[in-house]
Amino acid sequence: MAIIFALIAILAVVGGLAVSLSRPNTGDQQKADQHEPRNDYSTTNPGANQNAQQDRGSRTQEQEPQNYRERFVALVERYEKVITAGSTFVIAAFTAALVFATIALFISSERVAAVGRDSADAARRAADTAERALIAGQRAFISASFVPIANLNPETGEITNWGFRTIWTNSGDTPTRLLINHINLQPRDDELPPDWDFPDYWPAEMPPSKRSAIFLSAPPHGTVNGHDVYTSMQVIEQVIAKKKFLYLWGWATYSDVFPNTKKHVTRFAVQVVIGGNPRDREHVSFQFPYIAQHNCSDEECDRQRRPADWTPREVVAE
């Protein structure tokens, strides 16, 4: 393409030069005619007129083109119209080629720009993926585990009742921010119904002004204890005898140290299964199997239509 444009440009230059050389120098010719002496003697002397014509003929022959430049000029003058038409065609062709080249350059630049945009989008997606991977690998992540607690009579050393402690474990490499939690314990005469809605239970003796979640902080790869909940020895014995069902559930919401990230949530709901002798710590067992619903974290809770900002229903325990 570049070679074709160069040839067209050379032809255009040659054509333009030919056109400029083909223009007659009318001004110089008129001056020569004005300064040529008038021979009035020729009108009265026929012999002299004949001699003058012979002299002009000889001068004309002497003035014929003798070098290559004059011959070239004469040739150009002879084919002036053809050269002019050819030059015009070459210039028109060069102009058309220039137009097509401009269009091709525009299309090519648009393709290059599109490739650049695609590359920038790919780089941005790669950076976003790397950032998400960094956050996922480094951010705080809270999970729950459970420990039974025996309360003793300080005088006799006998077990008077049992409580349950939720331990929140941060498995991430960064600490939590604004961690709050709430734990619930409820004995029931029957199993949880399918439409159970994961409410928040509060003791009847607690005034409404104090019914709020508890703030905590979990260090990287560390643990923090949630608040303890208790039930009577009578309830424990009824659970062992399978006359009652005991359920433990709770939640924790928190943020991580990275900017512009969503609030996180972890929820759990387990049944407390007890066996053995509850009055002897060496011969009693506790298990915490998860129930079929309300155990989730982050996106899992979103799919259950209970995201991190969902507020449970409040229930005052009897």
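The numbering scheme is per chain: residues are counted from 1 as the chain's sequence reads. Given that this is a predicted model, residues contribute local features only at a pLDDT of at least 70 and side-chain atom pairs are listed and counted only at 80 or more, while totals for whole chains, interfaces and linings are drawn from all residues. As a rule here, side-chain values come from all non-hydrogen atoms in the structure, and water together with hydrogens is ignored.

## What to know about the overall build of the protein
Now for step 1: Regarding its fold elements, the protein presents eight helices and 13 strands.
Now for step 2: Relative accessible area decides the class of each residue, using a 1.4 Å probe on protein chains only: under 20% of the type maximum gives buried, over 50% gives exposed, and in between gives partly exposed. Buried residues in the protein amount to 29% of all 318 residues.
Now for step 3: Should any heavy atoms of two residues lie within 4.5 Å, those residues are counted as being in contact. Taking the intrachain contacts of the protein between residues at least 6 apart in sequence as the baseline, contacts between residues at least 24 apart amount to 71%.
Now for step 4: Method for areas: the Shrake-Rupley scheme with a 1.4 Å probe, in which residue coverage is limited to the protein chains shown. Of the roughly 21,100 Å² of accessible surface on the protein, 56% is carried by carbon and sulfur atoms. What counts as a helix is a DSSP run of H or I of at least four residues, what counts as a strand is a run of E of at least two, and both are numbered from the N terminus.

## Quick word on the layout of surface pockets
Now for step 1: In this structure, the largest pocket encloses a volume near 640 Å³.
Now for step 2: Every residue lining the largest pocket is counted, 26 residues in all, and those nearest its centre are Leu185, Tyr201, Trp202, Pro203 and Ala317.
Now for step 3: Elements supplying a minimum of two residues to the lining of the largest pocket: strand 3 (177-188), strand 4 (200-202), strand 7 (229-232) and strand 13 (314-316).
Now for step 4: The element contributing the most residues to the lining of the largest pocket is strand 3, with seven residues.
Now for step 5: Of the residues that constitute the lining of the largest pocket, the class distribution is 15 nonpolar, seven polar and four charged. Buriedness of a pocket was judged along seven lines, with at least five required to meet protein on both sides within 12 Å; pockets are open sets of points on a 1 Å grid over the protein atoms alone, cavities are sets where a 1.4 Å probe fits but cannot get out, and lining residues have an atom within 4 Å of a point. Grid points are joined across faces, edges and corners, and a volume is the space filled by probe spheres set on the points. Here the term charged refers only to Asp, Glu, Lys and Arg, the term nonpolar to Ala, Val, Leu, Ile, Met, Phe, Trp, Tyr, Cys and Pro, and the term polar to all other amino acids, Gly among them.

## Observations regarding the confidence of the model for the protein
Now for step 1: The predictor attaches a confidence to each residue, and that confidence, scored 0 to 100, is pLDDT. On average, residues of the protein score 81 in pLDDT, and 76% of them reach the 70 mark or higher.
Now for step 2: Below pLDDT 50 for its whole length, residues 21-44 participates in nine contacts with residues either more than four positions away or in separate chains.

## Digging into the sheet that holds strand 5 (residues 214-216)
Now for step 1: Reading across from one edge, 5-3-8-9-12 is the order of the five strands in this open sheet, with antiparallel pairing throughout. Edge strands, defined here as strands with exactly one partner in the open sheet, are strand 5 and strand 12 (296-297). Strands are labelled as partners when DSSP assigns at least two bridges between them.

## Concerning the state of the cysteines
Now for step 1: We call a pair of cysteine sulfur atoms a disulfide whenever their separation is within 2.5 Å. With the rule as written, the count across this model stands at one disulfide.
Now for step 2: In this model Cys296 forms its disulfide with Cys301; the gap between the sulfur atoms is 2.0 Å. Here the disulfide of Cys296 and Cys301 is right-handed, its torsion about the S-S bond being about 95°.
Now for step 3: Assessed through its relative accessible area of 6%, Cys296 is described here as buried.
Now for step 4: Of the residues examined, Cys301 reaches a relative accessible area of 0% and is grouped as buried.

## Details of the side chain of Arg188
Now for step 1: Counting through the fold element by element, Arg188 comes out in strand 3.
Now for step 2: Residue class for Arg188 comes out buried when judged on its relative accessible area of 17%.
Now for step 3: If we skip the residues at most four places from it in the chain, Arg188 touches Pro193, Lys244, Phe245 and Tyr247.

## Structural notes on the environment of Glu237
Now for step 1: Along the chain, Glu237 falls in helix 7 (residues 233-240).
Now for step 2: By relative accessible area, Glu237 is classed as partly exposed at 34%.
Now for step 3: Between the C-alpha atoms of Glu237 and Ile274, which are 37 residues apart in sequence, the distance is 8.7 Å.

## Section: the nonpolar core
Now for step 1: Grouped together as the largest cluster of nonpolar side chains are 31 residues, with contacts concentrated most on Phe164, Trp168 and Leu248.
Now for step 2: Every element with two or more residues in this core is listed here: strand 1 (142-152), strand 2 (159-170), strand 3, helix 7, strand 8 (245-255), strand 9 (264-271) and strand 11 (284-287).
Now for step 3: Buried residues of nine kinds, namely Ala, Val, Leu, Ile, Met, Phe, Trp, Tyr and Cys, make up a nonpolar core once their side-chain atoms join them within 4.5 Å. Ranked by size, the runner-up nonpolar core spans eleven residues in total, among them Ile180, Trp196, Tyr247 and Trp251.

## Overview of the pattern of salt bridges
Now for step 1: Each salt bridge in this description consists of a side-chain nitrogen of Lys or Arg and a carboxyl oxygen of Asp or Glu lying within 4 Å of one another. Using the criterion set out here, one finds seven salt bridges in the structure.
Now for step 2: Asp189 is paired through a salt bridge with Lys244; the nearest N and O atoms lie 2.6 Å apart. You can see Asp189 sitting in the loop between strand 3 and strand 4 and its partner Lys244 sitting in the loop between helix 7 and strand 8, a full 55 residues away along the chain.
Now for step 3: Residue class for Asp189 comes out exposed when judged on its relative accessible area of 59%.
Now for step 4: Between Asp197 and Arg313 there is a salt bridge; the shortest N-O distance is 2.7 Å. Placement of the pair is Asp197 in the loop between strand 3 and strand 4 and Arg313 in the loop between helix 8 (299-303) and strand 13, with a sequence separation of 116 residues.
Now for step 5: A residue is classified by how much of its surface remains accessible, and Arg313, at 44% relative accessible area, is partly exposed.

## Remarks on the pairing of strand 7
Now for step 1: Along strand 7, the buried face is formed by Val229 and Thr231; none of Tyr230 and Ser232, which line the opposite face, is buried.
Now for step 2: By the bridge criterion, four bridges tie strand 2 to strand 7 in an arrangement that is antiparallel. In the strand pairing of strand 7, Phe164 is matched with Val229.

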